[in-house]
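Fold and geometry: a report
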Amino acid sequence: MTDEEVEKEVERQLAIMRDGAVDFYGEEELAVRLARRLAEGRPLRVKLGMDPSSADLHLGHSVVLMKLRRFLELGHTAIFLVGDFTAKIGDPSGRNKTRPPLDDQQVRENAKTYVDQVGRLLDVSAVEVRFNGEWIDQMKPSDFVRLCSQVTVARMLERDDFAKRYAGEVPIFIHEFLYPFVQGYDSVVLEADVELGGTDQTFNLLMGRELQRAYGQEPQAVITHPLLVGLDGHEKMSKSLGNSVGITDVPEEMYGKIMSIPDHLIIPYLEVYTAVPRSEVREIETALDDGGGHPMEAKKRLAVALVERYHGKETALEENGWFERTFSERQI
């Protein structure tokens, strides 16, 4: 590739990386690295980690999974990291109290289906699937001491959820401090160039940048994506709260859940969870705002788009027909 072609390709890829993102830390650094890698013919290493804290993935997970797929389509190395070790610590992100750690059996059971579920959204045969227990379980106490010596307690208390708990005299246990260290160290081991995550993960993701510098690596870029509330319209989507749509939900359940959402979630869900063209989403939004569109019809469009993504177009149309016969036309 010529220098001009490399420059154009870098800008094209960066635009795809920015799409749908909330924050993009280290973008300028990544642009330089990407240009170098394109000239060398070497892909970026893009990391996405998820803890098997429950058995099922839901739509909230699909946002970053779809972005990982886009990196894969750009020719980069996609790494899906199953946090089998970090799940036993319990991610304190967004928590106002200590999350109960999981035992080995719970983690193993939950992790069994993760790769299969991810396969509904991207080709796992083309993905580097790793488990952070591979290296964390092998670390010696001296390795952990070196790892923890890279960051001060004051830096840890800058974290919003820790700061609130400390100010409110809510206990913070030492093992909770270990979580961001381990997640950040995963980036060191995997030599990640980019890490993806939700906005609630920002502190953990940026810890990866700090630790990579400490271990003599170029710091990864961090791209965060929005967190939408669940079906109740109030709380973050979570299976434990009963307000989620599972990636493995059967078509009729998925369709029915979407038809139950509050009207104000229609447009955000269309934007984040589906591949409906932006131009069509804007038309739906304008019609709803002007009173010329009915929320029921907009929800049907959303439900069809979601069922199509996970179960195919034919199934989506069948579910839509069933819903209209059963509810819209009052047939049994």
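An account of the accompanying structure is given in this report.

Each value, and the rule that gives it
- All chains use their own residue numbering, which begins from 1 and follows the written sequence.
- Given that this is a predicted model, residues contribute local features only at a pLDDT of at least 70 and side-chain atom pairs are listed and counted only at 80 or more, while totals for whole chains, interfaces and linings are drawn from all residues.
- Side-chain numbers come from the whole structure's heavy atoms, not from hydrogens or water.
- Salt bridge, as used here, is a side-chain nitrogen of Lys or Arg placed within 4 Å of a carboxyl oxygen of Asp or Glu.
- Numbered from the N terminus, helices here are DSSP runs of H or I no shorter than four residues, and strands are runs of E no shorter than two.
- We call a residue buried when its accessible area falls under 20% of the maximum for its residue type, exposed when it is over 50%, and partly exposed in between, using a 1.4 Å probe and counting protein chains only.
- Strands are treated as partners if at least two bridges between them are detected by DSSP.
- Throughout, an axis means a line fitted to C-alpha atoms (over the contacting stretch in the case of helices), and angles, computed between N-to-C directions, take values from 0 to 180 degrees.
- Residue contacts are defined here by distance: any two heavy atoms, one from each residue, within 4.5 Å place the two residues in contact.
- Roughly parallel covers angles under 35 degrees, roughly antiparallel covers those over 145, roughly perpendicular covers 65 to 115, and oblique covers all other angles.
- Put simply, a crossing is left-handed when the front helix is turned counterclockwise from the back one by less than a right angle, and right-handed when it is turned clockwise.
- Here the nonpolar core consists of buried residues drawn from Ala, Val, Leu, Ile, Met, Phe, Trp, Tyr and Cys, with membership extended through side-chain atoms lying within 4.5 Å.
- Between N or O atoms, a polar contact is any pair within 3.5 Å; within protein, one atom must be a potential hydrogen donor and the other a potential acceptor, and residues adjacent in sequence are included only when both atoms are from side chains.
- A crossover gets the label right-handed when its path from the first strand over the helix to the second runs clockwise, viewed with the strands pointing away from the viewer.
- Each aromatic pair joins two rings of Phe, Tyr and Trp (for Trp, the six-membered one) with centres within 6.5 Å, and gets the label stacked for planes under 30 degrees apart, edge-to-face for over 60, and tilted for any other angle.
- Directions pointing from the helix axis toward each C-beta atom define the arc.

Glancing now at the pattern of salt bridges. The final tally for this structure, using the stated rule, is 29 salt bridges. Glutamate 280 is the partner of arginine 301 in a salt bridge, and the nearest nitrogen-oxygen pair spans 2.6 Å. Here the residue arginine 301 occupies a position in helix 16 (residues 295–311), and glutamate 280 occupies one in helix 15 (residues 278–290), the gap between them amounting to 21 residues. Look at glutamate 280 and you get partly exposed, because its relative accessible area is 23%. As a salt-bridge pair, lysine 300 and glutamate 324 come within 3.4 Å of each other at their nearest N and O atoms. Remark: glutamate 324 occurs in helix 17 (residues 313–328) and lysine 300 occurs in helix 16; sequence separation between them is 24 residues. One salt-bridge network, in which partners are shared between bridges, spans Arg33, Arg36, Arg37, Asp193 and Glu218.

With that settled, consider the sheet that holds strand 5 (residues 194–198). Judged by pairing direction, the sheet is mixed, and its six strands sit side by side in the order 1-6-5-2-3-4 without closing on themselves. In this open sheet, the two strands that pair with only one neighbour each are strand 1 (23–25) and strand 4 (128–131). Recorded for the sheet is a direction-independent mean angle of 20 degrees between the axes of neighbouring strands. Bridge count for strand 5 against strand 6 (residues 221–225) is five bridges, and the pairing is parallel. Along strand 6, the bridge assignment pairs glycine 198 with histidine 225. Each of strand 2 (45–50), strand 3 (77–82), strand 5 and strand 6 touches helix 3 (residues 59–73); the most contacted strand, strand 2, lies at about 160 degrees to it.

Two measures define how a pair of helices packs: the angle their axes make with one another and the distance between the axes. At a minimum axis distance of 7 Å, the contact between helix 11 (residues 174–190) and helix 12 (residues 202–214) shows a crossing angle of 55 degrees. Taken together, the axes of helix 11 and helix 12 are oblique relative to one another. Taken as a pair, helix 11 and helix 12 cross one another with a handedness that is right-handed. Of helix 12, the residues touching helix 11 (which contributes Tyr179, Pro180, Phe181, Gln183, Gly184, Tyr185, Ser187 and Val188) are Phe203, Asn204, Leu205, Met207, Gly208, Leu211 and Gln212.

This part covers the nonpolar core. Counting 63 residues, the largest nonpolar core has Met17, Leu65, Phe80, Val194, Leu196 and Tyr269 as the members making the most contacts within it. Other than its neighbours up to four places away in sequence, leucine 196 contacts Val46, Lys47, Leu48, Val64, Lys67, Leu68, Phe71, Leu205, Ile223 and His225. Membership of the second largest hydrophobic core comes to 22 residues, among which are Ile79, Leu81, Met156 and Phe177.

The next subject is the side chain of lysine 299. With respect to the helices and strands, the residue lysine 299 is situated in helix 16. There is a polar contact of 2.6 Å between the side chain of lysine 299 and the backbone oxygen of isoleucine 261.

Before going further, it helps to examine the pairing of strand 3. Of all six residues making up strand 3, five are buried, and the element is well covered by its neighbours. One ladder, built from six bridges, connects strand 2 with strand 3; its direction is parallel. The residue bridging glycine 49 from the neighbouring strand is leucine 81, located in strand 3. Each parallel crossover has a hand, and the one from strand 2 via helix 3 to strand 3 is right-handed. Where strand 3 and strand 4 come together, four bridges link them in parallel fashion. Within strand 4, the residue paired with isoleucine 79 across the bridge is glutamate 128.

On to the packing of aromatic side chains, then. Throughout the structure, instances matching the rule amount to four aromatic pairs. Here tyrosine 255 and phenylalanine 323 contribute two aromatic rings whose centre-to-centre distance is 5.4 Å and whose plane-to-plane angle is 40 degrees, an arrangement assigned as tilted. Residue tyrosine 255 is located in helix 13 (residues 251–259), and its partner phenylalanine 323 is located in helix 17; the two are separated by 68 residues in the primary sequence. Accessibility expressed as a relative area gives 1% for tyrosine 255, which makes it buried. When the centroid spacing of 4.9 Å and the interplanar angle of 70 degrees are considered together, the rings of tyrosine 269 and tyrosine 273 count as edge-to-face. Of this pair, tyrosine 269 and tyrosine 273 both sit in helix 14 (residues 266–273), four residues apart, which is roughly one turn of the helix. Take tyrosine 269 and tyrosine 273: they sit in the same class, and that class is buried.

This part covers the environment of valine 82. Mapped onto the fold, valine 82 is located in strand 3. Separated by 50 residues in the primary sequence, valine 82 and asparagine 132 place their C-alpha atoms 6.7 Å from one another.

This part covers helix 5 (residues 104–111). Every buried residue belonging to helix 5 is among Val107, Asn110 and Ala111, and all of these are buried. An end-on view of helix 5 places all buried positions within 95 degrees of arc, on one side of the element. Exposed residues on helix 5 whose side chains face more than 90 degrees from its buried face are Gln105 and Arg108. Where helix 5 is buried, its residues contact strand 3, helix 4 (86–89), helix 6 (114–118) and strand 4.

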